[in-house]
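Chain by chain, the residues:
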Amino acid sequence: MSDANQSLTLRAPVAGVVVPLTAVPDPVFASLTLGEGVALDPLDECLHAPCDGKVVQCARTHHAFTLKTEAGVELLLHLGLDTVELNGEGIEPLVVVGDHVRAGDPLCRFDADALALGASALITPLVITEAAGWQLLPSKHREGERVSLGEPLLVLTRTAIEQSDTGADGPLAERRVTLALASGLHARPAARLRAIARQHSVNLTVQHEGSSDNAASASAASLSALMNLGLTEGATLKLTAQGAAAEAALDDAECLLTTPEADEHSVPASSTLASVTLKEGELAGLVASPGLAIGPLVSYQLPLPTVPLMGEGEAVETARLKKALLSVGEALANAEAQATRQGQSAEAEIFAAHSAWLEDPDLAAAAGKHISDGRSAGQAWREALDGEAARLAASGNTLLAARVADLRDLQRRVMVELSDDQQAALPELPKGAVVVADELTPSELVAVAAQHPAGLCLAGGGTTSHVAILARARGIPCLVAMGGSLIEAANSATNESVILDAENGRLALSPSAAQRSEVAERIDARRYEAEKAQALAHEPAMTQDGREIEVCANIGGAEEARLAADSGADGVGLLRSEFLFLERDSAPSEATQREEYQAAVKALDGKPVIIRTLDIGADKQLPYLRLPSVPNPALGVRGARLWASQPELLETQLRALLGVTPLATLHIMLPMVTEVGELREVRKRLETLACEMGLEARPRLGAMIEVPSAALCARSLAAEADFLSIGTNDLTQYALAMDREDPALTARADVLHPAVLRLIQATVDGAKGHCPVGVCGAAAGDERVALLLVALGVDELSVEPARVPAVKAALRCLNAAALADEIPALLALDDATAVRQHLSAWLAQANQTDITTTTLERC
């Protein structure tokens, strides 16, 4: 530092030959998306610090180091290109995170020969990734010039930008939590965290306790900073809030970060293929949305809108950018509202996350810096989002990398507002094409979907991306992560049709005429069956041996109740009332609850509606209900056990339920019942309240079977209950001692395990002659499992509304008595895998397999 701390000199970290950063044979560096700087082709075998600073990041593979100066400037030194693939071989780190270094101190030694054999180049970029109010002066060194170790290389000068004080007044509060989000702190929870800070008017900071450096912290005001922490499940965090409502904000933040996310957009089981055996002319990919498709391979490429490179002055361009951001923000808000009205929760959630990102102060600040450097508003926004996209792509976190497409979507939206070619049309695609792209943004996917493609193939992307979620919601077969060879194939494609098998993760580029004909027949059969199932959705589901099975819907509120009625559901088998209690500062009032319950009953128009009383605990927590911390919440105070300590919650809910008319169609279901005494206690309280309210009618009262003790004591429960409903998710979890929230155990926590099936059988046998038994767990929506459940004696299945027609269609083709004869053999098998194989073989022999292909035609 010199000239009264107004300049910062960076010295050559190694003797070498100067390479302009734009000439580096790597697009991430050459495009300056990571920042400005220079590169050296090293002539020595030791990398040194270019200035005084603190080591804030050391790559796991030792090939990259980040230094932070006292003035806040951050510098990345990247030894060679593609050296991450070497996994540290040939590199000896000499510093660790937290070390303070002086200019010239050694950072690492390396074996140039070893690196040259494994890396694409030894060229070593020095990049200013965070300028912190400093500006890089033009370099005096020319391309090809040789510099010595320690020779002045770059000079930065302080700009006139003043940093405003954003500190908040009020008390300061802290709390430590363990992150329970399976996918880490990604876009949606980050947006919600920022909303919490705004709602309570506090400054909220998240710090990763696993690091000793302040660089591992971020303000909740910035989505980018939060996501760049790279936080994964299990990380220990320190939350700090300052403001009058600091404690309330921390309550909400803790609830958000410690409550595992519901699996609302689950990835198909085939999305991760351990090994794919390819035939000649086939490409592999991950299944993001299952299905089959045939059509011509068509490349989709949409250039960014044209914007001026240089601007007309900082004041003019800043105003233009602000106006464009406001316009896009309004469009996103309208799109979110419309999606919400149409019940498209996935789309609404994505638009909300985009809105939050659009308001990100870090992105705005980055664009502002580019404007102050002379760029136009459109070019400044483009470069700001290029930089953020590069950081996410390089994060090593697949979920964060999957958000790059969302950034590109925002990039395009704002640039359109600032471009003269706003009317640039989307490429016109032939109907029924298999569309190929490097990646698609969510808005591009919506536009492509409007042209009715047969399927999608993406070179990049991931199964957790928003595009994957939208493709699944629309039923468009989609493969992702197919690599650069996909683009090459599309560029050389003929007009002949390809086969997209988005079930086994394959794209056949040159199928034979016979293969195309066979797949076309399967697609036609599936389409016919889906249409026929929908046409018969409102008809009863009668098995071939004469049993009528009710197929009801699992819902989360009145809006979904209307969807359930439209789908042909015979009623509501599970209304999860806890959704009324979540995302609130206090419990909903009796009137609020009654209004929601009444709307659901009205939507079903006389069909039964089963409403589960509050099921809180384990994976669902309330910010205003602070339950004591326990080692294993799944075995703690939850469900029916909560009523002893929180009787007012049950009292208010029961009054709200009793206020619904007509009570004849309303059924109340108690969660997590372990013994008959819990059921009797609630029935007694229900009777007292009904008398106080002067009611003559009484709702039916039932219990959920979610724990082994309830299944084994089903006879005594059935003598007291009006109905029983099996929650297969929890029953499987408790029977197999496998946490349903642990992704490592997901595949093994299978309802078809013989032990779980025996508990279901025990429940049905115990209830026989006393009350009906239903299943409201996720297993009911799996057609094959649903058939076995009915063969076991289950009377009612409750599934997601969209699954009702297909499940009914499957049941109409079932001879339940014949499958019941096979149950002893199934229960004698060793594990769930064996049961699945045996069940599939039996169904195939009985012409019941592949319900989605030809079964309806047979029926």
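Analysis parameters
- Residues numbered from 1 in each chain as written.
- Predicted model: local features only at pLDDT ≥ 70, side-chain atom pairs only at ≥ 80, totals over all residues.
- Heavy atoms only, no water.
- Buried < 20%, exposed > 50% of the residue type's maximum accessible area, 1.4 Å probe, protein only.
- Helix = DSSP H or I, 4+ residues; strand = E, 2+ residues; numbered from the N terminus.
- Pairing = 2+ DSSP bridges.
- Polar contact = N/O pair within 3.5 Å; in protein donor to acceptor, adjacent residues only side chain to side chain.
- Contact = heavy atoms within 4.5 Å.
- Axes fitted to C-alpha atoms, helices over the stretch in contact; angles between N-to-C directions.
- Parallel < 35°, antiparallel > 145°, perpendicular 65-115°, else oblique.
- Left-handed = near helix turned anticlockwise from the far one by under 90°.

### Considerations on the pairing of strand E25 (residues 497–502)
Of all six residues that make up E25, five are buried, and the element is covered over most of its length. As paired strands, strand E21 (residues 291–299) and E25 are joined by six bridges and run antiparallel to one another. Within E25, the residue paired with Gly 291 across the bridge is Ala 502. Here E25 runs beside strand E26 (residues 506–508); their pairing, made up of three bridges, is antiparallel. Bridging across to E26, Ile 499 finds its partner in Ala 508. The hairpin turn running from E25 into E26, its antiparallel successor, is three residues long, and Gly 505 in that turn takes a positive phi close to 75°.

### Some remarks on the side chain of Thr 124
With respect to the secondary-structure elements, Thr 124 resides in strand E11 (residues 124–130). At 3.0 Å, the side chain of Thr 124 forms a polar contact with the backbone oxygen of Leu 122. Among residues more than four places away in sequence, those in contact with Thr 124 are Val 38, Ala 39, Leu 40, Pro 42, Leu 47, His 78, Leu 79 and Gly 80.

### Points about the packing of helix H17 (residues 590–604) against helix H18 (residues 647–658)
A pair of packed helices is captured by two measures, namely the crossing angle of their axes and the spacing between those axes. In contact at an axis separation of 8 Å, H17 and H18 are set at 45° when each is read in the N-to-C sense. Looking at the two axes, H17 sits oblique to H18. The crossing of H17 and H18 is right-handed. Seen from H17, the contacting residues are Glu 590, Gln 593, Arg 594 and Tyr 597; seen from H18, they are Thr 652, Gln 653, Arg 655, Ala 656 and Leu 657.

### Observations concerning the sheet that holds strand E4 (residues 46–48)
What the three strands build is an open sheet, ordered E4-E10-E8; its pairing is antiparallel. The open sheet is flanked by E4 and strand E8 (91–93), the only strands paired with a single partner. Along the sheet, successive strands turn relative to each other by an average axial angle of 20°, direction set aside.

### A word on the pairing of strand E6 (residues 64–68)
Of all five residues in E6, four are buried; the element is thus mostly enclosed. In this sheet, E6 lies alongside strand E5 (residues 53–58) in antiparallel orientation, the contact comprising four bridges. Across the sheet, residue Gln 57 finds its bridge partner in E6, namely Thr 66. Taking the residues between adjacent antiparallel strands as the criterion, E5 and E6 are bridged by five residues, where His 62 takes a positive phi near 65°. The pairing of E6 with strand E7 (residues 74–78) spans five bridges and is classified as antiparallel. Bridge pairing in E7 links Leu 67 to Leu 75.

### Some words on the sheet that holds strand E15 (residues 172–178)
Strands sit in the order E15-E18-E16-E17 across an open sheet of four strands; the sheet is antiparallel. Of all the strands in the sheet, the pair left with one neighbour each is E15 and strand E17 (217–219). Across the sheet, the mean angle from the axis of one strand to that of its neighbour is 20°, orientation sign disregarded. Both strand E16 (residues 203–208) and strand E18 (residues 236–242) contribute to a ladder of six bridges, which runs antiparallel. Following the sheet pairing, Gln 207 is matched in E18 by Lys 238. Seen against the sheet, helix H5 (residues 246–258) touches E15, E16 and E18 and runs at an angle of roughly 10° to E15.

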